[in-house]
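Residues per chain, in single letters:
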Amino acid sequence: MQVYVDNAATSQAKPPSVLQAIEYYFKEINSNPGRGGYELSLEAGRKVLEARETLARFFNVPNPNQIIFTSNITEALNTAIQGLLQPNDHVLITGLEHNAVVRPLKFLEKIGVSYSIIPTSREGLIEPSSVEKVLQPNTKMIVATHASNVAGTIVPLKEIGEIAAAHGLYFVIDTAQTAGCLPLDFQNLKASVLAFTGHKHLLGPMGIGGFCVREDVAEIMRPLYVGGTGSISDQDVQPDFLPDKFESGTLNTLGIVGLAAAVEYISKVGLDKIREREIILTKYLLEGLLELPEITVYGPRNPQLQTGTIALNAAQMDNAELCYVLDQQFKIMTRPGLHCAPLAHKTLGTFPEGALRISIGHYTTEQEIAYVLDSLKKILARSC
């Protein structure tokens, strides 16, 4: 048996409709949207518009033009962070943030931007009331991941969004680990920017991501880069309207149509059903891991409070070695180390060694989880 449990990195299996949509576009259209007056170029433009409409419905965004496509969520987060902050602004972040948030903020320290960490428990849990306690007079933004990419801990976005709105702060959300497995309502969350990636739980291809942006925020936000947009080409300045303001250069239209097909598939299955199954599988995996005395599991250890991402370490065995043995001897694919999130590991108490991450996905089965647990028992029995 071959088992893929690295879905927090990317979903390996994709719905057949995603592959079909990409193949159809590549074979039958494969033209540049907005860069021609002929029918195939116009059809390409229609495919991109349809994708915006699909994502706008999915995230509850009022206007499809508020959906901006990027190459990945890192680009989306950089656009929001670098495009909204000014010298000497202060930012609040959670103790679970990925380097896609931390590094842009460190980069902006050279212009006087600073950040503080919202108190985050050893399990990755946040008490919303603690947010106001760390606000500063120059706080301008709160950035929060929806769930940890290390331990799966879910962050209370709704409550944090209410606090951000009450204080007139920008609220930027990183949904890399939750879009496609947890409901996300852009308007209800009071988000300024909601960043997403296509290749994880959204079940789309790599190389496509984006963000939803409030129209008033978009007016203020600076684009990360500028250039050709296929619009107002008689002018040498960047368009100031959506989506063109943030979409210079040729779009990854293959990725966009693949992502649209994936989101349509998820919408048909239903997020409630997807989450219900994720809870069942996470409970099964957690209960099995917690029965192994040699294993330490980090995070909430509660399927209601986390996604299907679990971090663990084995006594007297380095997590990289455990990952290697699982792969080479049992064909089980996991991820060791720091997961591009050293801040989260410091919060969890696993820095600098890191942890082994097992992350289930849409196509994970009970049989595969049983195999993972049985394989771990065999490895631990040999190492004792």
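Before reading further, recall that the structure is shown in the block above.
Residues numbered from 1 in each chain as written. Predicted model: local features only at pLDDT ≥ 70, side-chain atom pairs only at ≥ 80, totals over all residues. Heavy atoms only, no water.

Colleague: How do you make sense of the pattern of salt bridges when you look at a structure like this?
Modeller: In the structure shown here, the tally under the stated rule is 13 salt bridges. Arg275 serves as the salt-bridge partner of Glu278, at 2.5 Å between the closest nitrogen and oxygen. You can see Glu278 and its partner Arg275 sitting in helix 9 (residues 271–290), 3 residues apart, about one turn around the helix. On the basis of relative accessible area, Glu278 is assigned to the buried category, the value being 8%. Several salt bridges share partner residues, and in doing so they unite Glu39, Glu43 and Arg46 into one network. (Salt bridge = Lys/Arg side-chain N within 4 Å of Asp/Glu carboxyl O. Helix = DSSP H or I, 4+ residues; strand = E, 2+ residues; numbered from the N terminus. Buried < 20%, exposed > 50% of the residue type's maximum accessible area, 1.4 Å probe, protein only.)

Colleague: Which parts of the structure should I look at to understand the environment of Lys283?
Modeller: When you line up the elements, Lys283 lands in helix 9. In this structure the C-alpha to C-alpha distance between Lys283 and Gly227, which are 56 residues apart in sequence, comes to 49 Å.

Colleague: What should I look at first to understand helix 1 (residues 16–29) in this one?
Modeller: Each turn of an α-helix holds 3.6 residues, which means side chains three or four residues apart point in the same direction. The terminal C-alpha atoms of helix 1 lie 19 Å apart, and with 14 residues this matches the ideal 20 Å at 1.5 Å per residue to within 8%. Residues of helix 1 that are buried: Val18, Tyr25 and Ile29. Axial view of helix 1: buried residues confined to an arc of 65°, hence all on one face. In helix 1, the exposed positions that point more than 90 degrees away from the buried face belong to Pro16, Leu19, Gln20 and Lys27. In this structure, the buried residues of helix 1 make contact with helix 2 (39–59) and helix 8 (253–269). (Expected span 1.5 Å × (residues − 1). Arc of directions from axis to C-beta. Contact = heavy atoms within 4.5 Å.)

Colleague: I tried to follow the nonpolar core on my own but got confused; where do I start?
Modeller: In summary, soluble globular proteins display a tendency toward joint burial of nonpolar side chains. Among the nonpolar cores identified, the biggest contains 48 residues, and Phe59, Phe69 and Ile142 are the most heavily contacted of them. Looking at this core, the elements with two or more residues in it are helix 2, strand 2 (67–70), strand 5 (139–145), helix 6 (157–166), strand 6 (170–174), strand 7 (193–197), helix 8 and helix 9. When near neighbours in sequence (up to four residues on either side) are disregarded, Phe59 contacts Ala179, Leu184, Asp185, Phe186, Leu194, Phe196 and Cys212. Counting residues in each nonpolar core, the second largest holds 31 residues, with Ile68, Leu85, Val91 and Ile93 among its members. (Core = buried A, V, L, I, M, F, W, Y, C linked by side-chain atoms within 4.5 Å.)

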